[in-house]
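Listed here are the chains, written in short residue letters.
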Amino acid sequence: MRKNDYPNFPQNFLWGGAIAASQADGAYMEDGKLPNSSDVQPYLKGLSNLEIQRLEMQGMTLEEVRKNLQDETSYFPKRFGIDFYHHYESDLELLAEMGFKTFRTSIDWSRVFPKGDEAEPNEAALKHYGKMIDKMKSLGIEPIITMLHYETPINITLEYGGWKNKAVIDMFERYGKVLLDRFGDRVKYWIVINQINMIQVEPFLSLGICSDQYVPIEEAEYQAVHNQMVASAKIRNYAKGLNFDLQIGTMIADGTVYPYSCKPDDIVLALQHNRMQYFFTDVQLRGEYPKYALNYFRENDYTLDVTEAELQLLRENTMDYMAISYYFSQMVDSTQNTNKPDSTTNNPHLEASPWGWNIDPQGLYHTLSQYWDRYQKPIIIAENGFGMHDQLEDGTVHDDYRISYLSRHIEQVGRAIYDGAEVIAYCAWGPIDIVSCSSQQMSKRYGFIYVDLDDEGKGSGERIRKDSFHWYKQVIATNGSEI
């Protein structure tokens, strides 16, 4: 431990962590659940990290989805997760032992409305999530609940063409209303859609759209995200009429970039790239489509179905706060990159993780400051963490590398608060090891708690406290003054 140079966290600061039902719950097809977008992703043994990354960005074809639904030989890790569905009580007790003030997780849409289009919810799912929330509250843990974290029912993809279909707006609104009605008395903070800007990086998971369903695919992606923003505004509008103290937020993954150099072409490209990242929060926090985005659509010959009633709904129902995931920073070089989200360049001044993610603590200070200066809305750090290969030694994991990464990032959160940013929560990603979203691996571990399972689901499932467990406990106990 060391003293934090920026120990500026308010007394009511929410220290905690975050997971997703799609990566942790398991219990595939139990209690009425049906498959979702994460359940059809197989573990691809023997591929490099770069190959896995490329496949993720390509998305899935309709044929692959249908084949994977019938596949009885491949291993689909997210169908099993870490069996949080059955172990949530003891797992939450471990988090409470660390002193967690908050815990972010998701409710699986494909449990509550297994096909997505039902008229009535699945009561067994609602009872389960009610017990989970009650357990959090009994431990003094403030729930942050995500309504959709890559759990779109696969029926929405196959029968409706994913989120591009406006019919999905009403289906999701029905689902959101059920959650607010059932849990609004116990859950204050809601994130409607996880990382709503990941449409071109994780198109299948984000939008439930297959790569061969539409041409041009990018036009369909922007239509789909428009529909998601309309659905979010409808849920925000409904929340205003309830007699609960509710905060409805949007969430983005930080995708902003630095210019590669001080060359004007690099600086302007970075500006253009960043604008199309701010687009999502400009619409949801300012309430209107910015001119630069309309120009982008026109220049690429994209036509979106946007009604005046939807624009009014967006204007009148901006989100209460924003949530950010931050892992690494990126750059753009005008000689080789475009303003597309996936067109970036590695920073030669930074070290990278084994998955090629550049480690840049000051990048978190930079992005928090930029978003705060732009919107002046409260910020929740919904994800920040370090995926790494961990080794059990002497009955634990000596993960100094994780402590180093997190301590330097937490320090920069305090620095942003010092400069005026209203950051209200810090959720370390994957406080207990879960299946990786992008690679389907268990070996890409983020947790303070080791889970004894390998990439093919073999192991005891035992939970083991890592060195970082005791470190984070002290961080929370000192309210960030020791890191």
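Refer to the structure above for everything that follows.
Here is a short report on the structure shown in this document. Source: prediction; values computed, not measured.

When its secondary structure is counted, the protein shows 16 helices and 14 strands. Its C-alpha radius of gyration of 21 Å places the protein within 12% of the 23 Å reference for a compact globule of 483 residues. Once the C-alpha set of the protein is aligned to its principal axes, its extents read approximately 60 × 55 × 50 Å. Within the protein, the fraction of its 483 residues that count as buried is 61%. Taking as baseline every contact in the protein between residues at least 6 positions apart, the subset at least 24 positions apart corresponds to 78%. If you sum the accessible surface of the protein, you get close to 18400 Å²; carbon and sulfur atoms cover 47% of it. For the protein, the distance from the average position of its 46 positive side-chain charges to the average position of its 69 negative side-chain charges is 3 Å.

What follows deals with the sheet that holds strand E7 (residues 321-325). With parallel pairing, 8 strands are arranged side by side around a closed barrel as E1-E2-E3-E4-E5-E7-E9-E12. On average, each strand axis in the sheet is inclined to that of its neighbour by 25°, with strand direction left out of account. Across 4 bridges, the pairing between E7 and strand E9 (residues 379-383) is parallel. Bridge pairing in E9 links isoleucine 324 to isoleucine 381. The sheet contacts of helix H6 (residues 123-138) involve strand E2 (102-106) and strand E3 (142-148), and relative to E3 the element is tilted by about 150°.

Together, Leu44, Leu47 and Leu55 give the surface a local cluster of nonpolar side chains, amounting to about 210 Å² of exposed area. Counting through the fold element by element, leucine 44 comes out in the loop between helix H1 (21-24) and helix H2 (49-58).

Here we take up empty space enclosed by the protein. Enumeration over the complete set of coordinates arrives at 5 cavities of 30 Å³ or more. One number sums up the size of the largest cavity: a volume of about 60 Å³. Along the walls of the largest cavity sit Tyr327, Ser353, Trp357, Ile359, Gly385, Phe386, Gly387, Tyr405, Lys444 and Tyr446, which together make up its complete lining. Taken together, the residues of the lining of the largest cavity break down into 6 nonpolar, 3 polar and 1 charged.

What counts, and where the lines are drawn
Residues numbered from 1 in each chain as written. Predicted model: local features only at pLDDT ≥ 70, side-chain atom pairs only at ≥ 80, totals over all residues. Heavy atoms only, no water. Helix = DSSP H or I, 4+ residues; strand = E, 2+ residues; numbered from the N terminus. Rg over C-alpha atoms; globule rule 2.2 N^0.38 Å. Buried < 20%, exposed > 50% of the residue type's maximum accessible area, 1.4 Å probe, protein only. Contact = heavy atoms within 4.5 Å. Areas by Shrake-Rupley, 256 points an atom, 1.4 Å probe, with all protein chains shown as cover. Lys, Arg positive; Asp, Glu negative; His and termini not counted. Charge placed at Lys NZ, Arg CZ, Asp CG, Glu CD. Pairing = 2+ DSSP bridges. Axes fitted to C-alpha atoms, helices over the stretch in contact; angles between N-to-C directions. Patch = residues over 30% accessible without salt bridge, like charges linked within 9 Å, V, L, I, M, F, W, Y side chains within 5 Å. Salt bridge = Lys/Arg side-chain N within 4 Å of Asp/Glu carboxyl O. 1 Å grid on protein atoms, 1.4 Å probe; cavity = no way out; pocket = protein on both sides within 12 Å on 5 of 7 lines; lining within 4 Å. Points joined across faces, edges and corners; volume = space filled by probe spheres on them. Nonpolar A, V, L, I, M, F, W, Y, C, P; charged D, E, K, R; others polar.

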